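# Reading the structure
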Amino acid sequence: MDILVLMKVVPDVVEELEVGPDGKSLDTSFLRTIINERDDHALEQALLLKDKHGGKVTLLTLDAPDIDDVLFTALAKGADRAVKICGVESVQSTQTAVKLFGETIAKTPGLLPVDLILTGVSAIDDLDGLMAAPIAQQLGWAYTGVVTQVALADKTATVIKEFAGGVRGEYEVPTPAVLGIQAAEKPPRYVPVAKVRAAMKSMTIETVDAPAVEAATTVEVQQMAKPQVTGHAEMIEGSPEEVADKICELLAKRGLI
Amino acid sequence: MAGNIWIVAEAWRGQVSEITFELLALGREVAGQAGAPLEAVLLGSNARELAQKLGAADSVLYADNAALADPVPENFATALAQLIKEKQPAAVLVPLTNLSVDVGVVLAAQLGVPFLNYCKDLKAEGGNLTATCVLYGGKMEAAVTASAKPAIIGILPGVRPVEQGRSDKAATVTDVAVTLAAPKVHFKRYLESEAGDVDITQKDFLVAVGRGIQTKDNLDLAEDLAATLGGAVCGSRPVIDQGWLGLSRQVGKSGMNVKPKLYVMLGISGAPEHVEGMKSSQCIIAVNTDAAAPIFNVAHYGVVGDALEITPALTEKIKAKKG
């Protein structure tokens, strides 16, 4: 059972984000990036399926400043092969990323065939699309998104998709298929730093040149800014004790305690 | 603007979803600005009576097909693509719910156009559509022009009040036909919400924990506070993904929609997916170490500080007050 996992990095929103000089994009000079959280879940789901059924898990990413750490961590967790698409500027458009991934998957020897392509269902920078559905369309494969469980048997993936209010749906998806993963069945596994270092010594990251694709043009950012604050919380300041006192007071005033 | 403004009505398990009315309210404004009619599209099987509820639209297209009985996004997208090719709308507004987002992305993929995502507002000006989109977990907003024909736009829940999109007016419904082949993906069954130990939608007091709670052991602090208030603990997505709380305790897009008297948030930054499930709470108090966390734009009261220090202090004070 072979699986291809598509991953990308996104800005770490724990850090302060600033708008760049063009007024239309993030200031990248001090930007710290991390793996897209949903892609991390897609990787975990792939590894869980490998644990159960065997087979190979291959990672495919776009080159980015911190991407090698992400890939070696994934290899240390149990992925078999890592490939990064090089020669691309910082890709700000999901549509462009879809074209780069799609072309690379179709044209790079050895990436296909696989039973499943897994990727995060969404990312915090997915302005002009989500990855999985258009990649499935390009390949002519089945697609399901917002997936939280995957069971594989006999050319069929039985998947659970989330709706709202805790209600979920069970679907049968013929393989090969592209799935947009919302959450893996288990939290992403932890891997000790020593194992990552060992992977750095014993494993390699393959590179492929980015295919020539036209940049997406029908969605144009005119301006980017921090959200205009329409209403802001009344801030409570002081030591933890003082803050607790003040909250207690306001709860009493509102008749809540 | 050439072409109608469409909203894709979401009907689920025999009911029109509330977000449909939010989209109707937004669509009404956009259609007015564009000088174009507002048209709602409802797809379903034996669901024509639901189309009558969409009177806020100038007209409703209703497609009835047995293949539209179950939530198979491919069928809904294929049906919409057929209608779009025939009717040539200028824009198609799609609810950003777990149910409808797949319809939107498959539709956009079939048509080869972008799916404009995370839209929290939309206007038509000078023949263009300008969307305000929420990026980076709510930390930035982008003003974006969408020039694809049609523009497929995913609209976040909460875009307008539900009541604004309701109308007593009987809708003008036109039946339209769609042709659907067997889909690749088959819907098997619904799995109902897992019965939890508590129903958080019924609680007056909720203590919500997020990533900032750091470890599962720290949940005890939240449990103590919730017990003191006479409420329950709930959580945002990362806490559920970690397995620290069960699915029945999740608030937000995939989880529950709650409206308690008091919602205390410990270490939750305020991503749109969470906010949509709790924004109607009567009193919201947020504790977060990040002064720039978007949740402070939603909460009534905010504390920049460490929830792990403030929570036990607050629990003790409330205990003392209650005697």
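Above this note sits the structure.
The rules we used
- Starting from 1, residues in each chain are numbered consecutively following that chain's sequence as written.
- Think of it this way: whatever chain is written first is A, whatever ligand is written first is 1, and the rest follow in order.
- Reporting in this predicted model follows two pLDDT cut-offs: at least 70 for local features of residues, and 80 or more for side-chain atom pairs to be given and counted; totals over whole chains, interfaces and linings ignore these cut-offs and use all residues.
- Hydrogens and water are ignored here; the side-chain numbers use all heavy atoms of the structure.
- Whether a residue is buried, partly exposed or exposed follows from its accessible area with a 1.4 Å probe, protein chains only, as a fraction of its type maximum: under 20%, in between, or over 50%, in that order.
- To qualify as a helix, a DSSP run of H or I must reach at least 4 residues; to qualify as a strand, a run of E must reach at least 2; elements of each kind are numbered from the N terminus.
- Whether two residues touch is decided by their heavy atoms; if any such pair falls within 4.5 Å, the residues are in contact.
- For this analysis, a salt bridge means a side-chain nitrogen from Lys or Arg found within 4 Å of a carboxyl oxygen belonging to Asp or Glu.
- Take the accessible area each of two parts loses on contact, using a 1.4 Å probe, and add the two losses: that sum is the buried area.
- Each polar contact in these results corresponds to two N or O atoms within 3.5 Å; when the atoms are within protein, one needs to be able to donate a hydrogen and the other to accept it, and residues that are neighboring in sequence are counted only if both atoms are side-chain atoms.
- For this classification, Asp, Glu, Lys and Arg are treated as charged, while Ala, Val, Leu, Ile, Met, Phe, Trp, Tyr, Cys and Pro are nonpolar and the rest, including Gly, are polar.
- Any two strands with at least two DSSP-identified bridges between them are counted as paired.
- Exposure above 30% relative accessible area and the lack of any salt bridge qualify a residue for a patch; like charges then connect within 9 Å, and the nonpolar side chains Val, Leu, Ile, Met, Phe, Trp and Tyr within 5 Å.
- Surface accessibility follows the Shrake-Rupley procedure with a 1.4 Å probe radius. Residue values consider only the protein chains on display as shielding.
- Note that His is not counted, nor are the chain ends; the positive residues are Lys and Arg, and the negative ones are Asp and Glu.
- Charge positions are represented by NZ for Lys, CZ for Arg, CG for Asp and CD for Glu.
- The pairing test for Phe, Tyr and Trp rings, Trp by its six-membered ring, is centres within 6.5 Å, and the orientation test on the planes gives stacked under 30 degrees, edge-to-face over 60, and tilted for anything in between.
- Look at NZ for Lys and CZ for Arg. If either is within 6 Å of the ring centre and within 35 degrees of the ring normal, a charge sits over the ring.
- Note on handedness: a crossover is taken as right-handed if, strands pointing away from the viewer, the path from the first strand over the helix to the second is clockwise.

Okay, helix α4 (residues 132-139) of chain A next. Within α4 of chain A, burial applies to Ala-132, Ala-133, Pro-134, Ile-135 and Ala-136 of chain A. Tucked into the core, α4 of chain A has its buried residues touching β1 (3-7), α3 (94-107), β6 (116-120), β7 (142-153) and β10 (177-181) of chain A together with α4 (98-111) of chain B. Of the residues one or two after α4 of chain A, Gly-140 of chain A is the one with positive phi, at around 75°.

Between Thr-175 of chain A and the following residue, Pro-176 of chain A, the backbone shows a cis peptide bond with an omega angle of 5°. For Pro-176 of chain A, the position within the fold is in the loop between β9 (168-174) and β10. The peptide bond linking Lys-149 of chain B to Pro-150 of chain B adopts the cis configuration, its omega dihedral lying at -10°. Note that Pro-150 of chain B resides in the loop between β9 (140-146) and β10 (151-155). You will see that Val-146 of chain A, though not glycine, has its phi angle at about 55°, which is positive. According to the relative accessible area criterion, Val-146 of chain A is buried, its value standing at 1%. The phi torsion at Gln-214 of chain B lies on the positive side, around 70°, for a residue other than glycine.

Residue and element names in this part refer to chain B. This model, assessed by the stated rule, comprises 36 salt bridges over all chains. Between Glu-141 and Lys-120 there is a salt bridge, with the nearest N and O atoms lying 3.1 Å from each other. Of this pair, Glu-141 sits in strand β9 while Lys-120 sits in strand β7 (residues 115-125); the two residues are 21 residues apart in sequence, bridging distant segments of the chain. We note a salt bridge from Lys-253 to Glu-276, for which the minimum N-O separation is 3.7 Å. With Lys-253 in the loop between α6 (237-241) and β15 (262-266) and Glu-276 in the loop between α7 (272-275) and β16 (284-288), the pair connects residues that are 23 residues apart, well separated along the chain.

All names here are of chain A. For helix α2 (residues 67-77), the buried fraction is high: eight of the eleven residues fall into the buried class. Along α2, the residues classified as buried are Ile-67, Val-70, Leu-71, Phe-72, Ala-74, Leu-75, Ala-76 and Lys-77. Where α2 ends, the next residue or the one after it, Gly-78, has phi of about 135°, a positive value.

Moving on, we come to the interface of chain B and chain A. Counting from both sides, the interface comprises 79 residues of chain B and, opposite them, 82 residues of chain A. Sorting the residues of chain B by area buried against chain A places Tyr-136, Met-140 and Tyr-301 of chain B first, and these three jointly supply 11% of that buried surface. Inspection of the chain B/chain A interface yields eight salt bridges. Close ionic contact of Asp-241 of chain B with Arg-38 of chain A constitutes a salt bridge, the shortest N to O distance being 2.9 Å. Taken together, the links from chain B to chain A amount to 35 residue pairs in polar contact (both at pLDDT 80 or more). At the level of elements, α4, β7, β8 (128-135), β9, β12 (186-191), α6, β17 (301-304) and α8 (307-322) of chain B are the ones that each hand at least two residues to the side of chain B that touches chain A. Taken together, the residues that form the side of chain B that touches chain A break down as 44 nonpolar, 17 polar and 18 charged. As judged from the six bridges shared by strand β12 (residues 219-225) of chain A and β9 of chain B, these two strands associate in the antiparallel manner.

This paragraph deals with a negative patch on the surface. Together, Asp-217, Asp-220, Glu-223 and Asp-224 of chain B make up a region of like negative charge exposed at the surface. On the secondary structure map, Asp-220 of chain B appears in helix α5 (residues 219-229).

Right, let's talk about the packing of aromatic side chains for a bit. Aromatic ring pairs: the centre-centre distance and the angle between the two ring planes describe each pair. A complete count under the given rule lists five aromatic pairs over all chains for this structure. With centroids separated by 4.9 Å and ring planes inclined at 65°, the aromatic side chains of Phe-187 of chain B and Tyr-190 of chain B adopt a geometry described as edge-to-face. A residue is classified by how much of its surface remains accessible, and Phe-187 of chain B, at 14% relative accessible area, is buried. Members of the aromatic cluster, connected to one another through ring pairs, are Phe-163 and Tyr-171 of chain A together with Trp-12, Phe-187 and Tyr-190 of chain B. Looking at Arg-13 of chain B, its charged tip hangs above the ring of Tyr-190 of chain B, at a distance of 3.9 Å from the centre. Residue placement shows Arg-166 of chain B over the ring face of Phe-21 of chain B; its charged tip is 4.4 Å from the ring centre.

Here we take up the sheet that holds β16 of chain B. Taken in spatial order, the six strands line up as β13(A)-β17(B)-β16(B)-β15(B)-β13(B)-β14(B) in an open sheet, and their pairing is parallel. Two strands lie at the open edges of the sheet, namely β13 (234-235) of chain A together with β14 (232-235) of chain B, each paired on one side alone. The sheet contact formed by β16 of chain B and β17 of chain B spans four bridges and is parallel. Paired with Asn-288 of chain B across the bridge in β17 of chain B is Val-304 of chain B.

All names here are of chain B. The two faces of β14 match: Ala-232 and Cys-234 on one face and Val-233 and Gly-235 on the other face are all buried. Note that strand β13 (residues 205-209) and β14 share four bridges and pair parallel. The partner of Leu-206 across the bridge, within β14, is Ala-232. In this fold, β13 hands off to α5, which returns the chain to β14; that crossover is right-handed.

Here the focus is the side chain of Thr-148 of chain A. Topologically, Thr-148 of chain A is positioned in strand β7. We classify Thr-148 of chain A as buried; its relative accessible area is 10%. With residues near it in sequence (within four places) discarded, Thr-148 of chain A still touches Gln-45, Ile-160, Glu-162, Gln-182, Ala-183, Ala-184 and Glu-185 of chain A together with Arg-237 of chain B.

None of the figures reported here should be taken as evidence of function without further support.
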